[in-house]
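Residues per chain, in single letters:
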Amino acid sequence: MNDYRCLVVVGAQWGDEGKGKIVDVLAAEASVIARYQGGANAGHTVHVGGDEFILHQIPSGILHADKRCLLGNGVVLDVDQFFDELDALHARGIDAEPRLGISGRAHLLLEYHKRLDQASEKARGTEKIGTTGRGIGPAYEDKVARVGVRVADLQNADRARELIVRATQRANERLAAVGAETLDPAQVADGVLSRRERLLPLVLDTGHVIMDAYRRGERVLLEGAQGAMLDVDHGTYPFVTSSTTTAAGAATGSGIGPTVIDRVLGVVKAYTTRVGSGPLPTEIPPPLGDRLRELGGEYGATTGRPRRCGWFDAVVVRYAAQVNGLTGLAITKLDVLDTFDEINICTAYAVDDVGHDTFPYDLTLLDRATPVYETLPGWKTSTANARSYDDLPQAARDYLERIHELTGVSIDFVSVGTKRDQIIAV
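Not measured: the values here are computed from a predicted model. (Residues numbered from 1 in each chain as written. Predicted model: local features only at pLDDT ≥ 70, side-chain atom pairs only at ≥ 80, totals over all residues. Heavy atoms only, no water.)

(A) Spatial organisation of the sheet that holds strand β11 (residues 263–269). The strand order β9-β7-β5-β2-β10-β1-β11-β15-β19-β20 describes an open sheet built from 10 strands, whose pairing is mixed. Unpaired on one side and paired on the other, β9 (203–204) and β20 (423–425) mark the two borders of the sheet. Examined bridge by bridge, strand β19 (residues 411–415) and β20 share 3 bridges and lie antiparallel to one another. Within β20, the residue paired with V414 across the bridge is I424. The sheet contacts of helix α1 (residues 19–26) involve β1 (6–11), β2 (32–35), β10 (220–223), β11, β15 (328–332), β19 and β20, and relative to β1 the element is tilted by about 165 degrees. Relative to strand β5 (residues 68–71), helix α8 (residues 206–215) is tilted by about 145 degrees, and along the sheet it contacts β1, β2, β5, β7 (100–103), β9 and β10. (Pairing = 2+ DSSP bridges. Helix = DSSP H or I, 4+ residues; strand = E, 2+ residues; numbered from the N terminus. Contact = heavy atoms within 4.5 Å. Axes fitted to C-alpha atoms, helices over the stretch in contact; angles between N-to-C directions.)

The structure is reproduced here in structure tokens:
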């Protein structure tokens, strides 16, 4: 992994794969780390020593004292939450503010976006998408509809006030139509503008900063949120997020050209999880699924919601490899499987007695899909102290080799615990 200049770290399942830890490890060798999409709905958990850090908008590389960290134009910025997170880091002795930069082209996520998100989910009833309620979808809707408010708009306070008031009035019409509580446009504008003086010194052109570092021969790390199966184009639509979570989004969301990227690392758990509604073909029913959830601590870092758990799905990861152009895999949470007698891997789907080894784009097919499993023996011993590939039990190595064979992607890293040093470079 030391031969890259610009590396994208992307989730290759439904999010929550452990990207935060992998970015934290890789950040030691990079100069610039940039988030390229998503917002405060993301939750990247990093353990350093005995401390746990949950980062929602600030890139995971911020925990390294000498790294420049950026939020790209593809991010939707919740200003209040951003500064709350920044202040929490400062309270724990991490001086992050001087090392942070935010794209002036990034869009603001405002209070009315959260109200609209929550009202929309409530109106869907049993057909809800399962959003975090953090306003991500409505913020991206405004961006695409060309009525959003960008960070750069705050340069002119009067113009910003006008835009925010007008946008809140539009949102109020939609909120009133569904019987939801409306907002005072002036108060919304006052709240945003009260953050203006602190925010503006952080505003810059992220693409320019990244390319400057790249031309100096420094390494750049681009950090995604969520996972490929939640991509608005390539995921299990409509049960997806509202941004481009795949590696293609790294270029457009950070302000660089795609030819600058030379490596794409896909992060996957040694099993599969997802939060909220939507297909999960390998979902394990209770009590075994509940056992896996408890062993893996599978509860959302942002919402606390329990994650649905399933066996490793090679069909999903093969598809993620295709749409991301994966050059390597990082397998996380291998240690969670240490106590299982047998472990299943989904190699294909059966739909109406017809085999499928590619991921269906038609959700009606996916709803009828039955996973075709291959069963491997468990290793029944702790992997937590393994620091080299040879330290792993033979059965664990066989499991990893089978993942490599089924996905067609080489394994670059294996994580065997939450701590920074519980990582194996393969």
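This is not the end of the story, as more comes after the structure.
(B) Quick peek at the layout of surface pockets. The calculated volume of the second largest pocket comes to roughly 200 Å³. Lining the second largest pocket are D78, V79, D80, L109, L110, E111, K114, Q187, V188, G191, V192 and R195. For the lining of the second largest pocket, the secondary structure elements donating two or more residues are α2 (79–91), α3 (111–124) and α6 (185–193). With 4 residues, α6 is the largest single contributor of residues to the lining of the second largest pocket. (1 Å grid on protein atoms, 1.4 Å probe; cavity = no way out; pocket = protein on both sides within 12 Å on 5 of 7 lines; lining within 4 Å. Points joined across faces, edges and corners; volume = space filled by probe spheres on them.)

(C) Expanded view of the packing of helix α5 (residues 157–177) against α6. Where α5 meets α6, the axes come as close as 8 Å, and the angle between the chain directions of the two elements is 135 degrees. In terms of orientation, α5 and α6 fall into the oblique class. Handedness of the α5/α6 crossing: right-handed. Contacts between α5 and α6 involve A157, A160, R161, I164, V165, T168, Q169 and N172 from the first element and P185, A186, V188, A189, D190, V192 and L193 from the second. Each residue belonging to the contact of α5 with α6 can be placed in one class, and the counts come to 10 nonpolar, 3 polar and 2 charged. (Parallel < 35°, antiparallel > 145°, perpendicular 65-115°, else oblique. Left-handed = near helix turned anticlockwise from the far one by under 90°. Nonpolar A, V, L, I, M, F, W, Y, C, P; charged D, E, K, R; others polar.)

(D) Molecular detail of the packing of aromatic side chains. Scanning all chains against the criterion turns up 5 aromatic pairs. Here the aromatic rings of W311 and F340 are separated by 6.0 Å at their centres, their planes lie at 75 degrees, and the arrangement is edge-to-face. Placement of W311 in the loop between β13 (308–310) and β14 (312–313) and of F340 in the loop between β15 and β16 (342–351) is noted, with a sequence separation of 29 residues between them. As far as the burial class goes, W311 and F340 line up, both buried. Taking 5.8 Å as the distance between ring centres and 45 degrees as the angle between the ring planes, the aromatic pair formed by W379 and Y399 counts as tilted. Highlighted residues: W379 in the loop between β18 (370–377) and α13 (394–407) and Y399 in helix α13, separated in sequence by 20 residues. Judged by its relative accessible area of 7%, W379 falls in the buried class. (Phe/Tyr/Trp six-rings, centres within 6.5 Å; stacked < 30°, edge-to-face > 60°. Buried < 20%, exposed > 50% of the residue type's maximum accessible area, 1.4 Å probe, protein only.)

(E) View of the environment of P360. On the secondary structure map, P360 appears in the loop between β17 (354–356) and α12 (363–367). For the pair P360 and L77, spaced 283 residues apart in the sequence, the C-alpha separation amounts to 33 Å.

The values reported here are purely geometric and, on their own, carry no functional implication.
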